Amino acid sequence: MKDGRSVSVRSAQNSKFEELEERISGVIAAAEPDSFDELALDVFRFQREFNPPYDQYCRLLGVGESPAGWREMPALFQAAFKHASLRVFPEEEEIAAFRTSGTTGEGYGVHHFCSLRLYEEAILRGWDLLGAPRLPQIILVPSPSAAPHSSLSHMMGTLKARARGGTQHWCINTDGTLELDGLRGVLEEFRTAGQPVLLLGTALAFLHWFEALKGESVALSRGSLAFETGGYKGSGRTLSKEALYEMFHQRLGLAAHDVINEYGMTELSSQCYARGLGLPHVAPPWMRAIVVNPATGREVADGETGVLRIYDLANLGSVFAIQTRDLAIRRGGDFELLGRDPGALPRGCSRAADEMLSASS
Amino acid sequence: MTTAERAQGIAEACRDFEHLLGPASAEGFLEWVRSELGHAGVLDGFQAVGGQMLHAVAPGVILHIVSGNTPHAALQSLVRGLLLGSHNLCKLPGAGLPEVEAFVAALPEALRSRVELSTSVPETALESADAIIVFGSDETVARFRALALPRQTFLGYGHRVSLGMVFEDPAFESAPAAALDASLFDQQGCLSPHCIYVADRPEEYAARLAVEMERVQAANPRSKLGVSNAAAISEIREMTRFRMGIGDALQLWESAGSDAWTVIFDAEPRFSASVLNRVIFVRPLPEDAVAALEPARRFLSTIAIWPNRREFAERAAALGASRVCALGRMQEPPWTWRQDGRQTLAPLVSWRGWEGEGTSADCL
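Rules of the game
Residues numbered from 1 in each chain as written. Chains lettered and ligands numbered in written order. Predicted model: local features only at pLDDT ≥ 70, side-chain atom pairs only at ≥ 80, totals over all residues. Buried ≥ 20, exposed ≤ 12 C-beta atoms within 10 Å, placed from the backbone. Helix = DSSP H or I, 4+ residues; strand = E, 2+ residues; numbered from the N terminus. Contact = placed C-beta atoms within 7 Å. Pairing = 2+ DSSP bridges. Right-handed = clockwise from strand over helix to strand, strands pointing away. Axes fitted to C-alpha atoms, helices over the stretch in contact; angles between N-to-C directions. Core = buried A, V, L, I, M, F, W, Y, C linked by C-beta atoms within 7 Å.

Caption draft 1: Up close: helix H7 (residues 203-212) of chain A. Where H7 of chain A is concerned, the buried positions are Leu204, Ala205, Phe206 and Trp209 of chain A. On the buried face of H7 of chain A, the contacting elements are strand E6 (198-202), strand E7 (225-229) and helix H8 (241-252) of chain A.

This is the structure in structure tokens:
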């Protein structure tokens, strides 16, 4: 009896998942926000039903199963992924798991997947909405085979579908350092052929590369672009976006408009993009990014600073609403990213949690 | 100015800053000099110290680098430099520290002229200083240590953590003291507790501590927070709630409708740092606290104990605390305290010896 019931629940769970996946896939493909509100409620209810840790959290907050709108759906802090398996499916159905970097010393969080359909569709459709041309890709992160638990590596691998001729060059050694000779060679090859390229990497990888150039510059064919993501967390480095983009200009001859910043994280399935300097990040139509006052949990007024909260329909298998610690300024429906603790006043001599953990990790 | 005259001038200026510096008197300052240098007049000329005639020579110029946003470090360091008779260049955080400026203004002219406050470090200051004292993160200390010249005395004070330990307290009489320690200066100082370890009924103790935190808040409200610090409190509270939901042994008490104070009971004894601004953990005091305190070991400053008895002081000191005090007195170290386990005046002076009148032949 018990086994029979379990199978029938599983079957209902699977069919609900598939039905929602199909509907969200439709929203991603059409890139229209029309059914966001309705879908958000259905996803919320589904996750309440099949994601017990999230459901328990909502209960502790006294939130019912039919909140007035998606803004009222409790958002889980990213750190929750370090403490519980946040998934709507049984462990044996997992097909992929991406890990956070664990740079704060608390161990890493895991984002579990039973299907990568929405994840990959969101990557490709989000990229298409940027309107970037198809170019050969030079990648400064480890390949998916070298880093199977890195969501960023998986994303880069998925973007092969948007590479000209499917051409991707991975320029990272097995020890994680840049393969500088290979990078130089392949860039020279494309430059000689007059072929523009797309360079993709973390801000830290680009910074290391630029420093390794020791003042030299690298010529790229006109029309080349760069994609940079992530901050300098755990590296002990800090650099303003303006300073980094100046380095893109000095070392690679790329104007700020030729550099695309991605805002994403392991705990999400979709990305926000900003092109150049002075423009806000834009969420794709199947995602909402709002800026909230951390003391009240309410959305701040336009132009005010708060913390970023993300509602991502593509996070169907885990948690739809994610609370980040990233600071941002609300710009209408978009946001200007400030990142973690910029300009935070230096503390007194007491060593705060983040600082201490990063020192001991 | 003699040491006694300087001590008098500093003590007068300290009068209006008792809330920050604690009680101060000229005789207390002279006793401090005596305890570290052997004689209250040894900075003024040769004195018989330990069978020798010695004259302690203060650094001509001390550069104080203060990177935190609390005034304590700057004030204490300045007082040390002034008492020694040095000229003091004090680099304050970018936003300045009004309390330090007010303190300098309260000094008599002869001492005031020995202080220069600045929010930047002039290049010449690094070269002209005979001693450099740095308060800040390990990274800040390391950066200035690398810049110091071989002839310069360098004292670095990195960030520290402190905590409380309640060994015996059946009626929770120590809770008001713990709440005061956790609330003063909004927990920003290196002497502020991150956690109170409680031997008996720690969860009940946490509930009582919450009541006392609210009392302190009513009398002495916490400062307004910026977005970043408010976000840190929001995260620790929500993560506690989340973990309670998945069955972790935690309890949460929080100020109603505000983020003024937070008490978290965590049955896990392993130390974790607070996000500060009146967020205090209560944990069970384990038999073997060495393992529990491992994450804090490198940074440990003060352990406040209750009751304040020798047997418990010995246990706390054995855990690596350089200072043990009574709960409720964490923010009131005496002037003579050994900061980070070291004297504060003696490392700055150099010595001149005179093998003449008063010298003991036995010393030779």
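Caption draft 2: Here's a closer look at the pairing of strand E7 (residues 153-157) of chain B. All names here are of chain B. Two strands pair when backbone bridges link them, and strand E6 (residues 131-135) and E7 are joined in this way by five bridges, in the parallel orientation. Paired with alanine 131 across the two strands is threonine 153, which belongs to E7. As a crossover connection, the stretch from E6 through helix H8 (residues 138-147) into E7 is right-handed.

Caption draft 3: Highlighting the sheet that holds E7 of chain B. All names here are of chain B. Pairing within the open sheet is parallel, and its five strands lie in the order E5-E4-E3-E6-E7. In this open sheet, the two edge strands, each paired with only one partner strand, are strand E5 (115-118) and E7. If you compare each strand with its neighbour and ignore which way they point, the axes differ by 15° on average. Pairing geometry for strand E3 (residues 61-66) and E6, over five bridges, is parallel. From the neighbouring strand, histidine 64 faces E6, where its bridge partner is isoleucine 133. In this fold helix H4 (residues 72-84) packs onto E3, strand E4 (87-91), E5 and E6, with an angle of close to 175° to the strand it touches most, E3. Contacting E3, E6 and E7, H8 runs over the sheet at an angle of about 165° to E6.

Caption draft 4: Up close: the nonpolar core. The biggest cluster of nonpolar side chains holds 153 residues, and the ones touching the most others in it are Ile24, Leu76 and Leu313 of chain A together with Ile196 and Leu209 of chain B. In terms of residues, this core owes the most to one element, helix H11 (residues 227-245) of chain B, which gives seven residues. Not counting residues within four places of it along the chain, the set of residues in contact with leucine 76 of chain A comprises Tyr54, Tyr57, Val319, Ala321, Ile322 and Gln323 of chain A together with Phe242 of chain B. Formed by 54 residues, the second largest nonpolar core is a distinct cluster that contains Cys90, Leu107, Ile133 and Val141 of chain B.

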